[in-house]
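Listed below are the residues making up each chain.
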Amino acid sequence: GANGYNPAGRKAERSNCFPSDTRHLFNLSIVARTPAFSAKAARLILGNWQVSPILKIKSGQFITVTNGVDSALDGTTGQRPNQILADPYLPNRSVNGWLNPAAFALPAPGTYGNVGRNNILGPGVFQLDLALSRTFLLGERRSIQLRGEAFNLPNHLNPGTPVVTINSGTFGKIQSD
């Protein structure tokens, strides 16, 4: 079959959609302003400030583990291995090891593997951006704004997907962001 498709195992072709299948996505955007203070000193120091956080949390994308070789001997690429352990992930997932290499094995020559398409979940995303600004009035018709922005404020690593070709020396490791 073309691109690893197993013509005798259509059940393995039923899968999650890549890359659009994002199961969980949470976006929060807030704009908050300081109140109008009646005391002149408080108004000069604390007045006209605006804070604008943007929080994004989303689950990972579904990916497909592949052999990297033509196990089915049909001349196509993208064939999938056998999953031999129930849990394909390492216990302490990180960029140095997301998928467990021992969970997968090449199928016997002339056969297709049992791994389905897009059934492995990659890492998710957590990002907090923040803008802080203050508007200074310059008379009745003019103003100037001082603005600072911080992206990925907690400096949280949002890794890409792991290497999914089992015959690669970096299988299961994340090498991109």
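Here's a quick rundown of the structure.

## Quick notes on the pairing of strand β11 (residues 143–150)
Step number 1: Summarising the sheet, strand β10 (residues 125–137) and β11 pair through eight bridges and their orientation is antiparallel. When the sheet's bridge partners are listed, Leu 137 is paired in β11 with Ser 143.
Step number 2: Counting the residues between successive antiparallel strands, the hairpin from β10 to β11 contains five residues, one of them, Gly 139, with a positive phi of roughly 90°.

## Observations concerning the environment of Ile 84
Step number 1: Structurally, Ile 84 is set in the loop between β5 (82–83) and β6 (89–94).
Step number 2: Look at Ile 84 and you get exposed, because its relative accessible area is 53%.
Step number 3: In contact with Ile 84, not counting residues within four places along its chain, are Ala 102, Ala 103, Phe 104 and Ala 105.

## Details of the environment of Glu 149
Step number 1: Inspection of the secondary structure puts Glu 149 in strand β11.
Step number 2: A relative accessible area of 46% places Glu 149 in the partly exposed class.
Step number 3: Put simply, Glu 149 and Gly 113 are 36 residues apart on the chain and 49 Å apart in space, counted from C-alpha to C-alpha.
Step number 4: Among residues more than four places away in sequence, those in contact with Glu 149 are Leu 130 and Ala 131.

## Considerations on the packing of aromatic side chains
Step number 1: This structure, assessed with the given rule, holds one aromatic pair.
Step number 2: Measuring from ring centre to ring centre gives 5.7 Å for Phe 104 and Phe 171, while their planes differ by 80°; the resulting arrangement is edge-to-face. Here Phe 171 lies in the segment after β11 and Phe 104 lies in strand β8 (residues 104–105), a separation of 67 residues in the sequence. Here Phe 104 and Phe 171 have matching classes, each one buried.
Step number 3: The positively charged end of Arg 93 is found above the aromatic ring belonging to Tyr 89, 4.3 Å away from the centroid.

## Re unusual backbone geometry
Step number 1: At Leu 73, a position not held by glycine, the phi torsion is positive, near 60°.
Step number 2: Take Leu 73: it is sitting in the loop between β4 (62–63) and β5.
Step number 3: Here Leu 73 falls in the exposed class, since its relative accessible area comes to 62%.
Step number 4: Although it is not a glycine, Asn 155 sits at a positive phi angle of roughly 55°.
Step number 5: With respect to the element layout, Asn 155 can be found in the segment after β11.
Step number 6: Given the relative accessible area of 66%, Asn 155 is considered exposed.

Each value, and the rule that gives it
Residues numbered from 1 in each chain as written. Predicted model: local features only at pLDDT ≥ 70, side-chain atom pairs only at ≥ 80, totals over all residues. Heavy atoms only, no water. Pairing = 2+ DSSP bridges. Helix = DSSP H or I, 4+ residues; strand = E, 2+ residues; numbered from the N terminus. Buried < 20%, exposed > 50% of the residue type's maximum accessible area, 1.4 Å probe, protein only. Contact = heavy atoms within 4.5 Å. Phe/Tyr/Trp six-rings, centres within 6.5 Å; stacked < 30°, edge-to-face > 60°. Lys NZ or Arg CZ within 6 Å of the ring centre and 35° of its normal.

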